[in-house]
Amino acid sequence: QMQPAPPVMEAFTDYRYQIPVTGGNAPYRFEFTKEYDIEEFAESMPTATGANISLSHTNTGYALVDLPFDFPYYDEKYSQLCIYADGYMSFRYDTYNWPFLKDPEQQIKATQMIAPFRADLIVTSVMKSQNSSEVTIFVQAKINGQSSSSISYAVKLYPNGVIEFYYGSMSYTGNGGLSLLSRGDTRIYQKTPVSEGTAAQFANRCFRFTPPQRVDFVQLSRDGVLSGMSETAFTHLPVPVTCFDIN
């Protein structure tokens, strides 16, 4: 737990503050908070348009596509997207093979991904529409083993790092796929409220992931020293910080 609240930073003044921590197990590691804000919003599933994308296999395959802008995801920027048949995307091809896997969820937490519907899918259609201000990936699929199922979703990526999930009509039995973002470090892993839900819970819903605002004039050391100076005036500019212990 980090307390008390740090002193207020003022413009045109050097600032330095060691963040105190209690509890947990040292050593501690600090970073600017990377969790996205997740909000549900009301909008119709966009109409699938654009170029058809062919996966290397409809059940286990992938496709690499170029992005029209550098897309920021956590601490990196990417110009290429890897679309996997199993309802998720990443920024490079990964064999995703752990031969001695005991905890499937831990594998997902350790894999960087944007996952609208991570499940064992058979893809029937993938399309990509793009311009300089957004990229949209449209996917139609079935759950493997459920021939009458229907999965329909779209993902929008924006140059400012915002990600949107759109779900269309959904039909399947049992629980659905994982709906989440994962940084791939086992620590930052955020699910939407419908993750692993029923078809009725997924259908016709939309979720927006907004990355935290970065304050360029503030620095944070790994051991928890906040420092910096603003050369312009500002008001009420929060700087969220996360502390990890050795666990």
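Reading guide: rules and limits
- Residues numbered from 1 in each chain as written.
- Predicted model: local features only at pLDDT ≥ 70, side-chain atom pairs only at ≥ 80, totals over all residues.
- Heavy atoms only, no water.
- Helix = DSSP H or I, 4+ residues; strand = E, 2+ residues; numbered from the N terminus.
- Buried < 20%, exposed > 50% of the residue type's maximum accessible area, 1.4 Å probe, protein only.
- Areas by Shrake-Rupley, 256 points an atom, 1.4 Å probe, with all protein chains shown as cover.
- Lys, Arg positive; Asp, Glu negative; His and termini not counted.
- Charge placed at Lys NZ, Arg CZ, Asp CG, Glu CD.
- Phe/Tyr/Trp six-rings, centres within 6.5 Å; stacked < 30°, edge-to-face > 60°.

1. Structural notes on the overall build of the protein
Then comes step 1: Tallying secondary structure elements over the protein gives two helices and 18 strands in all.
Then comes step 2: In terms of principal-axis extent, the alpha carbons of the protein reach across some 60 × 45 × 30 Å.
Then comes step 3: Buried positions account for 45% of the 247 residues belonging to the protein.
Then comes step 4: Here the protein has roughly 12900 Å² of accessible surface; of this, 48% comes from carbon and sulfur atoms.
Then comes step 5: Of note, the protein has its 18 positive side-chain charges centred 4 Å away from the centre of its 25 negative side-chain charges.

2. Re the packing of aromatic side chains
Here a ring pair, both rings aromatic, is described through the centre-centre distance and the interplanar angle of the planes.
Then comes step 1: Taken as a whole and assessed by the stated rule, the structure comprises 15 aromatic pairs.
Then comes step 2: An angle of 75 degrees between the planes, with centres 5.3 Å apart, marks the rings of Tyr36 and Tyr74 as edge-to-face. Taken together, the residues span a long stretch of sequence, with Tyr36 in the loop between strand E2 (29–32) and strand E3 (37–41) and Tyr74 in the loop between strand E5 (62–73) and strand E6 (76–84) at a distance of 38 residues.
Then comes step 3: Classification of Tyr36 by relative accessible area gives buried; the value is 6%.
Then comes step 4: Among the residues examined, Tyr74 registers a relative accessible area of 14% and is labelled buried.
Then comes step 5: Ring plane angle 65 degrees and centroid distance 5.0 Å describe the contact between Phe117 and Phe202, whose orientation is recorded as edge-to-face.

Treat this as a map of the structure, not an account of what it does.
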